[in-house]
Every structure is written in structure tokens, then in C-alpha cells.
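Tertiary structure, described
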Amino acid sequence: MIYDPSNDQSLILAMEDEARWMINNNLTTEKNVPDFLDYIYEDELKSIKPEAVNIIR
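Here is a short report on the structure shown in this document. All values reported here derive from a predicted model rather than from experimental measurement.

1. Concerning helix α1 (residues 9-24)
Relative to the 22 Å expected for 16 residues at 1.5 Å per residue, α1 spans 23 Å between its end C-alpha atoms, a close match to the ideal helical length. Regarding α1, the residues found buried are I12, A19 and I23. Here the buried residues of α1 occupy an arc of 35° about the axis, which is enough to place them on one side. At the exit of α1 stands N26, carrying a positive phi of roughly 55°.

The following block contains the structure:
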């Protein structure tokens, strides 16, 4: 099996969906979906494999 890591907008959308699900099901004390872009160091990821990073800011 060959792994080809990448980060694109679908990852952000999936994390936002998961956060909304957790909030709606009272599985967290948070009331707002966090801005996951604050936790992604895009420049560092691009320094490793720029073509694999496709995040819209």
C-alpha cells in the first residue's frame, strides 16, 4: 500500500461537519464550530509537498 498524504478543503469541511454533529448531540461543551484553519500550518505543509495542499482561505 502506498500512502500519498494531502490536505484539501474536504478535510476542513469534514472536521466542521464533525464539530457540528458533536455540538448538536451535546458531546462537547463548545457552542460554536472552531475555525480549523487556525490549527493548520499551511506554509509548513507546502514546504514539504506544495502540490498536496489545496486549502481555500
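2. Quick look at the pattern of salt bridges
Side-chain pairs of opposite charge can arise whenever the charged atoms involved come near each other. If you walk through the whole model with that rule in mind, you get two salt bridges. Across the pair D17 and R20 runs a salt bridge, and its minimum N-O distance is 2.8 Å. Taken together, the residues span about one helical turn, with D17 and R20 both in helix α1 at a distance of three residues. Owing to a relative accessible area of 47%, D17 belongs among the partly exposed residues under this scheme. Of the charged contacts, one joins E42 and K46 as a salt bridge, the two residues approaching to 3.1 Å between their closest N and O atoms. Of the two residues, E42 and K46 are both situated in helix α2 (residues 42-48); the distance of four residues between them amounts to about one turn of the helix.

Definitions and limits used
- Residues numbered from 1 in each chain as written.
- Predicted model: local features only at pLDDT ≥ 70, side-chain atom pairs only at ≥ 80, totals over all residues.
- Heavy atoms only, no water.
- Helix = DSSP H or I, 4+ residues; strand = E, 2+ residues; numbered from the N terminus.
- Expected span 1.5 Å × (residues − 1).
- Buried < 20%, exposed > 50% of the residue type's maximum accessible area, 1.4 Å probe, protein only.
- Arc of directions from axis to C-beta.
- Salt bridge = Lys/Arg side-chain N within 4 Å of Asp/Glu carboxyl O.

Take it as geometry only, folks, not as evidence of what the structure does.
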